[in-house]
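# Overview (structure and organization)
If you want the building blocks of each chain, they are given just below.
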Amino acid sequence: MSGGTKIPTELPVMAKTQSPSCFLHSVILRAYIGEQAAYIYSIIHAHRKISIQQLSQKSGIKGNNLKKILVVLIQLGCVVYITDSRSGNVFYSHNEEGCWKLTYLDDIIRHVRKKFSKLHAEVIQNVILKGHLTIGAYVKEIQLKSEIEKIEQVFVDLVDDKWLVNVKDFDFKPLIETLNECVRHANREFTNNSQQYLKTGDDGGNGGGNPRFKTAGISQLKKSIIIKDLAKERMLKIFVDNDGKDKLHKTGMRNQMNDADIEIAKGVSTLFSDDEDDDNNNGGTNSVKSLKRLNGSVPLTLSFERFLKYERDTQLISICKHRIGNITALIYQVVLNRIEKQSRDVRSIENIVDKLVADVSVGVGGSSTSGYDPSIGEELKKRLSLVDQQKGMNFGAADILKELSMSNKYELTRDDLIGTINNDDDDEYEKNAKKRKLEEDNANGNSAKRSKLSKLASQIKFDDEDDDDEDEDENQNNADNGFDLSNNSENNELLMLILQHLKLLTTDKKMMFLRETTPGHFYVPFTELRLPVVDYQMKQLIKGVLGNGVLRVLNCIEDKRLIEEKNIAKFVLMREGDVRKIIATLTKFGLVEIQEIPRTADRNAMRSIFAFKINRKYLRGRSILGKCLMFNMGEALDQLEQTKLANRILLDKISREDVRGREAELLLESELKQLKEVVESEKTALAKFQRLRAMGGVFWFGDDF
Amino acid sequence: MSDTFADDIPASAKKMHHFMVSTGKSSYTQNELIESLKLSNVAELMENAQILLNKGLLKILEAASTTDPNEKQILFASISEQEAKKVNDMTADEAIVYSHVEAAGREGIWTKTIKAKTNLHQHIVLRCLKSLETQSYIKSVKSVKHPTRKIYMLYHLTPSIDVTGGPWFTDSELDTDFIDSLLVVIWKFIAQKTYPKCFKKKGFIPNGLKQYSYPAQIITGMGSLLPSLSDVNDFIVSSGITTIELTLSDVKSLCDVLEFDEKIENVGGTYKATWQSVLEAGGGKIEGEDVYAPLDNQIFNINDNYRVLDTSLKDETDENNTNNVSSNSMLYLDSWINL
């Protein structure tokens, strides 16, 4: 593209070929804000950072036009910029977060509509499409006061549920730039403090300065490690402190509310927040809700992190449905819904920062020698799994029943739940009853007492059934899910059932949906579930697309760790020729690696054995798969666009005022058929897009440990 | 016939041969023979042995001494008269080839090995083998390990497991149908133990319920009712689905395969079927549920395969029928497949 000043007529192939994510996102941007913006995005994507002059030169788009496009892209969070502190030059670089928001737009809106209301969905849609909004700007056009209050309430709801967060300075900067600033700051801090430490040291006192900043006898390497630590601390502090949040709520309006109660902070804030407080907050919010008002001038944006939590939970529920059962999955949904807001972020900011910090170079010409230490990840994983089980994340069967009785939003009804667990006692009872009847027949009269009892029992049983019927009638009338806390005797039964389902969730050895800490108390091990979920998803894709045999061989290799072809064939009971083909496929997809085991001293390749092993945690296979899914999503959308283009004349025709609504009269039969085909292909393309997105989410977001 | 064959042997040699055949012991040491036949000295034994050897009624074996493992010991073994006559009637070349085939036992011997060991010309070896085979003295078997080699063994011997490949091979071909049907039977047995009434009512969950499970304590931990390996083995033996005898390790390898297929899981020594496998087999359906209803609050799962659109794999198989549809419109996950 160098030197090309001519604006291309359509999105150049370079947008498609440079990377799957660039392809997908430029196609998405083309759909939302037009071809030129997508073109600009793809150019920015190709460069780490690029100035406006270079951009103009490369794209051929000039002056105001380019600036307008950039403003829109920045507004949407698809592009971020860096201002060079010395020269004052501005550089632009791409940011995927904004593009992801647009990619998931429909899903986000659908969920918000279901969870809250249509109005909420409308607000969220506007916020995403505008990038960020202030309430003031949103309600400016509205005349009616009651309407304004309604909208305000919607914003309060969304902020409370953490779907909307205030816009922060670092949202417009690349993460690495924020980190660089932190490193510079840490460097200064270290130098200043170490001088101070030296001074106090000279005075003879051994106190005063922080021993952390002592430089005497410290190697350059150690020094850089300390500076990196400082930078990391500072970076995390920026994320946790989130300076804008104080301004989010109008001061003086929250009588009983305590600042700490309003948890808006993103990132690792969950690490430090006390969820007990959060719970109180939830309970207390109702009473003071009307008094809670948001600051109309603070710009708000969608928290993609919040959406990812929902996405993660739906994924887990879906897996649960396939691994354990329908009703258990519904119970699990209640569980996850209960703790969704408080649960830890899907992408741990600390993990991201750790990886960035590891590559940072400290000082003039300093270079990073160590890189990312995997043990840091291990340690973080342990800490995060502790977060999963902290106070407030625990629950018992009673909590679930309470949740079910309080809300009608769950699909689970009382009738669905009853009878789902095979009760051995019942079977036993039936068997005994049969036995008794036989005995009765055999020895008439002798067992009068017994028969009386069994009659009584059967009567009781009938009575029960009658009760059930009545309940059902009532339920239908009230359209209630049937969970009634006032009925004590039934409650115990329901509690037992729920407890049984919760216990079922702990039985899956491969995927521990729940863990039981003390009898009757559970928590969701999100961190531990992360890898099994990815593996599961990947293997299901392998099974679905490549066939069962491939999964069998892959699992065999995984199980045996290092194994050669003949042995694989022996273990999986398949023909050697078939196994060989499968292994070729597996290596092609980056799922298994080949290891040469020499048998002779001269490492003669003819005599060597070639064994196979799993690529470390499937890292490579996973990333290939994730990227392929991304690429296919782009293809699906691209194809949709192509179909539309091919049928443009027809589509133009039906969008005309005089044709609309009277298509059946005005269109030819062939045109109607063509129209039907277009609609069909559009539906298919969108379905493909959504399915691929549902499968890919696991691979794109989350921590890799 | 045998009488005429052994007629010209002296009585003492005949007695020795008779003794060796009648006691049923496969081999004797020199001292054992001297003692039991009450011979005066070694020379007498040797004389008789030589006569029998010449007639092909005796063979000499070599084995490690019982007292000192480093020392070799000579053993005598008798050969039945029919056998000796058989060999006696053969040509010299045939006899040599036959002796090598016999020595190979149940493992069998490769024609090339015979050629190398006998130092005979290939033509002669082949001629001998052919003649021996037509007389039903030897037979050719197919080896699983080396499917291209021609391997011979004595006619009356059953090939060893190394040659046949065990119960999974029929005519040295992996019998995948047999394996698959066994896998299905075992899986069904385990699934029935894991989920109550999961195969009743055409795959619908009983009583119009949406789920019917055993309580957790039955599926895991102490007092679990899930079948163990030996339970599975007992089931296969008692059900009589196969006449082929399966050892415990054979059953174990079947269970392993099911595990690799993710149809069952090993939970502390017992086997548990996965719910997904039941779903895949068409079980676990909810009565009255519309499986094609829109998924409002659920995510698409690849395992709901009835929901899967045209994949490009399907595309490939249907290629002939769908030539008029541009390949572009069928794309689905294809960039991964066509990687």
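What you see is a predicted model, and the numbers here were worked out from it, not measured in a lab. (Residues numbered from 1 in each chain as written. Chains lettered and ligands numbered in written order. Predicted model: local features only at pLDDT ≥ 70, side-chain atom pairs only at ≥ 80, totals over all residues. Heavy atoms only, no water.)

When helices and strands are counted, chain B shows 16 helices and ten strands. For chain B, with 339 residues in total, the buried portion stands at 42%. Within chain B, residue pairs in contact and separated by at least 24 positions form 51% of the contacts whose partners lie at least 6 positions apart. Summed over all atoms, the accessible surface of chain B reaches about 18,500 Å², with 52% contributed by carbon and sulfur. (Helix = DSSP H or I, 4+ residues; strand = E, 2+ residues; numbered from the N terminus. Buried < 20%, exposed > 50% of the residue type's maximum accessible area, 1.4 Å probe, protein only. Contact = heavy atoms within 4.5 Å. Areas by Shrake-Rupley, 256 points an atom, 1.4 Å probe, with all protein chains shown as cover.)

Take empty space enclosed by the protein next. Rolling a probe over the atoms, with the probe sized like a water molecule, indicates the empty space that remains. Residues and elements named next belong to chain A. If you walk through the whole model with that rule in mind, you get nine cavities of 30 Å³ or more. Reported here for the largest cavity is a volume of approximately 250 Å³. If you trace the largest cavity, you find 16 residues lining it, with Arg312, Val346, Arg530, Val533 and Phe701 closest to the centre. Elements that contribute at least two residues to the lining of the largest cavity include exactly α16 (304–323), α25 (526–546) and α32 (669–700). Of the residues contributing to the lining of the largest cavity, the split by class is eight nonpolar, three polar and five charged. (1 Å grid on protein atoms, 1.4 Å probe; cavity = no way out; pocket = protein on both sides within 12 Å on 5 of 7 lines; lining within 4 Å. Points joined across faces, edges and corners; volume = space filled by probe spheres on them. Nonpolar A, V, L, I, M, F, W, Y, C, P; charged D, E, K, R; others polar.)

Residue and element names in this part refer to chain B. The residue threonine 194 is located in helix α10 (residues 176–194) in this model. Taking relative accessible area as the criterion, threonine 194 reaches 0% and is therefore assigned buried. A distance of 2.7 Å separates a polar side-chain atom of threonine 194 from the backbone oxygen of isoleucine 190. Threonine 194 has contacts with Tyr214, Leu226, Lys272 and Ala273, leaving out every residue within four places of it along the chain. (Polar contact = N/O pair within 3.5 Å; in protein donor to acceptor, adjacent residues only side chain to side chain.)

A few words on unusual backbone geometry. Residue and element names in this part refer to chain B. Although it is not a glycine, asparagine 119 sits at a positive phi angle of roughly 65°. Tracing the backbone through its elements, the reader meets asparagine 119 in the loop between α7 (111–118) and α8 (122–134). For serine 136, which is not glycine, the phi dihedral falls at a positive 60°. Here serine 136 is to be found in the loop between α8 and β5 (138–141). Classification of serine 136 by relative accessible area gives partly exposed; the value is 37%.

Before going further, it helps to examine the interface of chain B and chain A. With 61 residues of chain B at the contact, the number on the chain A side is 68 residues. Where chain B abuts chain A, roughly 6,100 Å² becomes buried across the two surfaces, and 55% of that area is made up of carbon and sulfur atoms. For the interface between chain B and chain A, the tally reads five salt bridges. Taken together, the links from chain B to chain A amount to 15 residue pairs in polar contact (both at pLDDT 80 or more). Here the side of chain B that touches chain A gets five residues from one element, more than from any other, and that element is helix α13 (residues 248–260) of chain B. Here the side of chain B that touches chain A is composed, by residue class, of 34 nonpolar, 14 polar and 13 charged. (Buried area = accessible area lost by both parts, 1.4 Å probe. Salt bridge = Lys/Arg side-chain N within 4 Å of Asp/Glu carboxyl O.)

This part covers the pattern of salt bridges. Residues and elements named next belong to chain A. Counted under the stated rule, the structure contains 38 salt bridges over all chains. A salt bridge links arginine 110 to aspartate 106; the shortest N-O distance between them is 3.0 Å. Of the two residues, arginine 110 and aspartate 106 are both situated in helix α7 (residues 105–115); the distance of four residues between them amounts to about one turn of the helix. For aspartate 106, a relative accessible area of 25% gives the class partly exposed. Among the ionic pairs, lysine 173 bridges to glutamate 181, the shortest N-O distance being 3.2 Å.

A word on the sheet that holds strand β4 (residues 132–133) of chain A. Residue and element names in this part refer to chain A. Strand order across the open sheet formed by three strands is β4-β6-β5, with antiparallel pairing between neighbours. Two strands in the sheet have a free side with no partner beyond their single neighbour: β4 and β5 (164–166). In this structure, β4 lies alongside strand β6 (residues 300–302), joined through two bridges in antiparallel fashion. The residue bridging leucine 133 from the neighbouring strand is leucine 300, located in β6. (Pairing = 2+ DSSP bridges.)

Next up on the list: the packing of aromatic side chains. Residue and element names in this part refer to chain A. Evaluation of the coordinates by the stated rule reveals 20 aromatic pairs over all chains. Between tyrosine 104 and phenylalanine 307 the ring centres are 5.1 Å apart and the planes differ by 55°, which places this aromatic pair in the tilted class. Of this pair, tyrosine 104 sits in the loop between α6 (96–103) and α7 while phenylalanine 307 sits in helix α16, and the two are 203 residues apart along the sequence. Here phenylalanine 307 falls in the buried class, since its relative accessible area comes to 0%. Between phenylalanine 304 and phenylalanine 701, the aromatic rings sit 5.5 Å apart at their centres with planes inclined by 75°, giving edge-to-face as the arrangement. Of the two residues, phenylalanine 304 sits in helix α16 while phenylalanine 701 sits in the segment after α32, which places them 397 residues apart along the sequence. In terms of burial, phenylalanine 304 and phenylalanine 701 fall into one category: buried. In textbook terms, an aromatic cluster arises when at least three aromatic residues are bridged by ring pairs, as seen for Trp100, Tyr104, Phe304, Phe307, Tyr310, Trp700 and Phe701. Between the NZ or CZ atom of lysine 49 and the centre of the ring of phenylalanine 91, over which it lies, the distance is 4.7 Å. Over the ring of phenylalanine 526 we find arginine 312; its NZ or CZ atom is 3.8 Å from the centre of that ring. (Phe/Tyr/Trp six-rings, centres within 6.5 Å; stacked < 30°, edge-to-face > 60°. Lys NZ or Arg CZ within 6 Å of the ring centre and 35° of its normal.)

Take the nonpolar core next. Residue and element names in this part refer to chain A. Membership of the largest hydrophobic core comes to 155 residues, with the highest contact counts inside it found for Ile124, Phe155, Tyr332, Leu502, Val524 and Ile568. Among the elements that take part in this core, α25 stands out by supplying ten residues, more than any other. Ignoring any residue separated from it by four or fewer positions in sequence, one finds tyrosine 332 in contact with Leu316, Ile317, Cys320, Leu505, Phe513, Leu514, Val524 and Leu529. (Core = buried A, V, L, I, M, F, W, Y, C linked by side-chain atoms within 4.5 Å.)

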